[in-house]
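Survey of secondary and tertiary structure
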Amino acid sequence: MADHQEASVTLPSDPASVPTARRYVAEVLDGWGLDEAGELTDAIRLMVSELATNAVLHTFGQSPTFTVDIRLEREERLHIGVTDSHPRWPRRLPAAVQQDNGRGMVIIRSLAAEAGGRLSVTPTEEGGKTVWITLPWTAAPVPIR
């Protein structure tokens, strides 16, 4: 496998794009050797769903598309980022706030930490932001023939 692999997809900022983003990431990671039925894959699917949902719902129609970037560096670190063009960064809600939504970033941060990774946000040159998940890479062992 190469030292660095990348994949990317840009989708319309529409709720119907969320499962497409989730499937795309799962297919890419399966092709790179991540166990499709493993716990980490399930956690990644959920994190991508939450990030894509945030990119659709919390940009208030001001980001016509969002992009999912996947990068694998030296088979050690996996980076998954969801970029939108809205300038507002995700906000952490106080624990006491009672509402039906707004827990996505808490879920993502918790799942990333549980997998030995982290969550970060970086600005884009265009004024938007990318929310990144960085995780240790744990590919499925290659069978010896």
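Refer to the preceding data block for the structure.
The structure reproduced in this document is the subject of the present report. (Residues numbered from 1 in each chain as written. Predicted model: local features only at pLDDT ≥ 70, side-chain atom pairs only at ≥ 80, totals over all residues. Heavy atoms only, no water.)

Looking at unusual backbone geometry
This is how it is decided: In this text, helices come from DSSP runs of H or I with a minimum length of four residues, and strands from runs of E with a minimum of two, each type numbered from the N-terminal end. When a residue's accessible area, from a 1.4 Å probe over protein chains only, is under 20% of the maximum for its type it is buried; when over 50% it is exposed; and in between it is partly exposed.
Phi angles above zero are rare outside glycine, and Arg74 is one such case at about 50°. For Glu75, which is not glycine, the phi dihedral falls at a positive 50°. Locating Glu75 in the fold gives a position in the loop between strand 2 (65–73) and strand 3 (77–84). Look at Glu75 and you get partly exposed, because its relative accessible area is 37%.

Re the packing of helix 1 (residues 17–31) against helix 2 (residues 39–57)
Keep this limit in mind: The angle between two axes is taken between their N-to-C directions and runs from 0 to 180 degrees, where each axis is a line fitted to C-alpha atoms and a helix contributes only its stretch in contact. Take the far helix as your reference; a near helix turned counterclockwise from it by less than a right angle gives a left-handed crossing, and one turned clockwise gives a right-handed crossing. In what follows, residue pairs with any heavy atoms lying within 4.5 Å of each other are defined as contacts. Classification convention: Asp, Glu, Lys, Arg as charged; Ala, Val, Leu, Ile, Met, Phe, Trp, Tyr, Cys, Pro as nonpolar; all other residues, Gly among them, as polar.
Two numbers describe how helix 1 lies on helix 2: the axes approach to 9 Å, and their chain directions differ by 145°. The chirality of how helix 1 crosses helix 2 is right-handed. For the pair helix 1 and helix 2, the contacting residues are Val18, Ala21, Arg22, Val25, Ala26 and Leu29 in the first and Ile44, Arg45, Val48, Ser49, Ala52, Thr53 and Val56 in the second. Taken together, the residues that form the contact of helix 1 with helix 2 break down as 9 nonpolar, 2 polar and 2 charged.

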